[in-house]
Amino acid sequence: MTEYYSTKMKFFGNSDPEKLIKEFGSPLYVYNEKILRQKCRDMKNLVDYPHFVPNYSIKANSNLHIIKIIREEGLRADAMSAGEIRLLLHAGYKPEELFFVPNNVSKDELKYAVDNGVLVSVDSLSQLELLGKINPGGKAAVRFNPGVGAGHHEKVVTAGKKTKFGVNIDCVPQVKEIANKYNLKISGINQHIGSLFMEGDSYIEGVKSILSVAEQFEDIDFVDMGGGFGIPYRKQEGQAALDLSGFREKLSAVLVQWTEKYGKKILFKSEPGRYIVAESGILLGTVYATKSNYGNTYVGTDLGFNVLARPVMYDSHHDIEVYRNGQPRNQGATGEVTVVGNICETGDIIAKHRKLPEIEEGDILGIMDAGAYGFAMSSNYNMRLRPAEVMIKENGEAILIRRRDTFEDLIAPFNV
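Definitions and cut-offs
- Residues numbered from 1 in each chain as written.
- Predicted model: local features only at pLDDT ≥ 70, side-chain atom pairs only at ≥ 80, totals over all residues.
- Heavy atoms only, no water.
- Axes fitted to C-alpha atoms, helices over the stretch in contact; angles between N-to-C directions.
- Helix = DSSP H or I, 4+ residues; strand = E, 2+ residues; numbered from the N terminus.
- Parallel < 35°, antiparallel > 145°, perpendicular 65-115°, else oblique.
- Contact = heavy atoms within 4.5 Å.
- Core = buried A, V, L, I, M, F, W, Y, C linked by side-chain atoms within 4.5 Å.
- Buried < 20%, exposed > 50% of the residue type's maximum accessible area, 1.4 Å probe, protein only.
- Phe/Tyr/Trp six-rings, centres within 6.5 Å; stacked < 30°, edge-to-face > 60°.
- Lys NZ or Arg CZ within 6 Å of the ring centre and 35° of its normal.
- Salt bridge = Lys/Arg side-chain N within 4 Å of Asp/Glu carboxyl O.
- Polar contact = N/O pair within 3.5 Å; in protein donor to acceptor, adjacent residues only side chain to side chain.
- Nonpolar A, V, L, I, M, F, W, Y, C, P; charged D, E, K, R; others polar.
- pLDDT = per-residue confidence, 0-100.
- Arc of directions from axis to C-beta.

## Overview of the packing of helix α7 (residues 125-134) against helix α8 (residues 172-181)
Turning to step 1, where the next piece is worked out: Following both chains from N to C, one finds α7 and α8 inclined at 10°, their axes separated by 9 Å at the closest point. Regarding the angle of α7 to α8, the classification is roughly parallel. Across from L125, L128 and E129 in α7, the residues of α8 making contact are Q174, V175, I178 and K181.

## A short note on the nonpolar core
Turning to step 1, where the next piece is worked out: Counting residues in each nonpolar core, the largest one holds 101 residues, and the members touching the most others are I70, F144, L251 and F268.
Turning to step 2, where the next piece is worked out: Ignoring sequence-local partners within four residues, the contact set of F144 consists of G166, V167, N168, I169, V172, V175, I189, N190, Q191, I210, V213 and F217.

## A word on the packing of aromatic side chains
The relative placement of two aromatic rings is captured by the distance of their centres and the angle of their planes.
Turning to step 1, where the next piece is worked out: Counted under the stated rule, the structure contains 18 aromatic pairs.
Turning to step 2, where the next piece is worked out: Note on F197 and F229: the rings are 5.3 Å apart at their centroids and 55° apart in plane angle, and the pair reads as tilted. Of the two residues, F197 sits in the loop between β8 (185-190) and α9 (201-214) while F229 sits in the loop between β9 (222-227) and α10 (244-262), which places them 32 residues apart along the sequence.
Turning to step 3, where the next piece is worked out: By the ring-pair criterion, three or more aromatic residues cluster together here, those being Y4, Y5, F11, F12 and Y323.
Turning to step 4, where the next piece is worked out: K235 extends its terminal NZ or CZ atom over the ring of Y5, reaching a point 5.0 Å from the ring centre.
Turning to step 5, where the next piece is worked out: The ring of F99 has K269 sitting right over it, with the charged end atom 4.6 Å from the ring centre.

## Concerning the pattern of salt bridges
Turning to step 1, where the next piece is worked out: Per the counting criterion, the structure on display carries 24 salt bridges.
Turning to step 2, where the next piece is worked out: Note that K111 is salt-bridged to D115, the shortest N-O span being 2.8 Å. Placement of the pair is K111 and D115 together in helix α6 (residues 107-115), with a separation of four residues, close to one helical turn.
Turning to step 3, where the next piece is worked out: For D115, a relative accessible area of 53% corresponds to the exposed category.

## A look at the side chain of R329
Turning to step 1, where the next piece is worked out: Mapped onto the secondary structure, R329 falls in the loop between β14 (327-328) and β15 (335-340).
Turning to step 2, where the next piece is worked out: Judged by its relative accessible area of 15%, R329 falls in the buried class.
Turning to step 3, where the next piece is worked out: From its side chain, R329 meets the backbone oxygen of E358 in a polar contact 3.3 Å long.

## Section: the packing of α9 against α10
Turning to step 1, where the next piece is worked out: The N-to-C vectors of α9 and α10 enclose an angle of 10°; their axes lie 10 Å apart at closest approach. With respect to α10, the element α9 is oriented roughly parallel. Touching D201, Y203, I204, V207, K208, L211 and A214 of α9 are F247, K250, L251, V254, L255, W258 and Y262, all from α10.
Turning to step 2, where the next piece is worked out: Classifying every residue of the contact of α9 with α10 gives 11 nonpolar, no polar and three charged.

## Digging into the confidence of the model for the protein
Turning to step 1, where the next piece is worked out: For the protein, per-residue confidence averages 93 on the pLDDT scale, and 94% of positions sit at 70 or higher.
Turning to step 2, where the next piece is worked out: Every residue in residues 149-160 scores below 50 in pLDDT, and together they form 43 contacts with partners more than four places removed in sequence or on other chains.

## Some points on α8
Turning to step 1, where the next piece is worked out: Taken together, the buried positions of α8 are occupied by V172, V175, I178 and A179. In a view along the axis of α8, the buried residues occupy a sector of 125°, so they form one face of it. Those residues of α8 that are exposed and aimed more than 90 degrees away from the buried face are P173, E177, N180 and K181.
Turning to step 2, where the next piece is worked out: Looking at the buried positions of α8, the neighbouring elements they touch are α7, β6 (139-145), β7 (167-168), β8 and α9.

## Here's the deal with the environment of K10
Turning to step 1, where the next piece is worked out: Among the secondary structure elements, K10 is positioned in the loop between α1 (5-8) and α2 (17-24).
Turning to step 2, where the next piece is worked out: Overall, the relative accessible area of 68% leaves K10 in the exposed class.
Turning to step 3, where the next piece is worked out: As for K10 and Y233, which are separated by 223 residues in sequence, their C-alpha atoms are 18 Å apart.

## Comments concerning the environment of G341
Turning to step 1, where the next piece is worked out: Along the polypeptide, G341 turns up in the loop between β15 and β16 (349-356).
Turning to step 2, where the next piece is worked out: Note on G341: relative accessible area 18%, which makes it buried.
Turning to step 3, where the next piece is worked out: For the pair G341 and N382, spaced 41 residues apart in sequence, the C-alpha to C-alpha distance is 12 Å.
Turning to step 4, where the next piece is worked out: Leaving out residues up to four positions away in the same chain, G341 has contacts with T301, L303, G304 and D348.

Below is the structure:
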């Protein structure tokens, strides 16, 4: 087995998994500030073009402490709901630094964004009509579907011919008609082709497609190229990271050539969510049982899909590290096991038939690359308590950034 990611990155700072579990409980989300800040800087330097800004998609991880760090690094932000707008404003963002990119929302939610001075992007003609009624004479952006999609699972492909997102690119005349009807200025065009691409060609093709739409509008201020930047979830198998250097050169050339043709140096945006936070997070959990059922060896943990939903939702792979007495057990794999959680569902599986070092009750497992769509998708299913979140500061100190749920939290919402 290759060197553990946590060891290579000195992920746990001055602590170790056992100490963290003893202090903050199990399961536990742990984030590394140094890695988080570096990923922000990667995205800020995505293209060699002066008018560019990444917008962090907070649906990937909405911890307020993490959002504030990302804001410090100079990234703007996307919101998918009124609640996300509220959180971002509380984090210190100014309305003009936010972009509301909802899908099928109510009049009240659109009005909340408009009343707070946040630019809205719509992804259907009917939503554009509704926004026009709410905010005549204002600004709007439109999300188009370029017909090109990408992603690691069909559920996260957000463009192409089999997705609910975006306005068809042949509907530009209808968009202009509605905009004229309500005196709306179409200030921006945006797209999102999908999540977790590991080579840039499909993304660049999507950018070229959305630019062909953008040039049909005479005076736009920006183009949002979307996101989906992937990370190597299979590091233990030697999977390489996305080659941002080669990607940067190709994408920069496309943007420079297009702006020269368009005659205006517009602002370009991107929507990194996963790339910013995924590798900065490790989910720790405890092994409470091991057994063999009809030839299958099961490792039973407190890592149910209420804590991490990605494997059951998308059949997603996460590398697993094994720790004993706070130290990594990185000797070669000794057996094939299926790692399961504590939820009363047959599908409550973290990893199927995975070759791992010998595991005993009391060992701690580290689920790698859990910073994106981990805690954000967690729940209280089976009345389980959501875990705490901890940040390893740049000086190696571990601080609590969200407390663990309590039994009182489970009861408090009920009006009885």
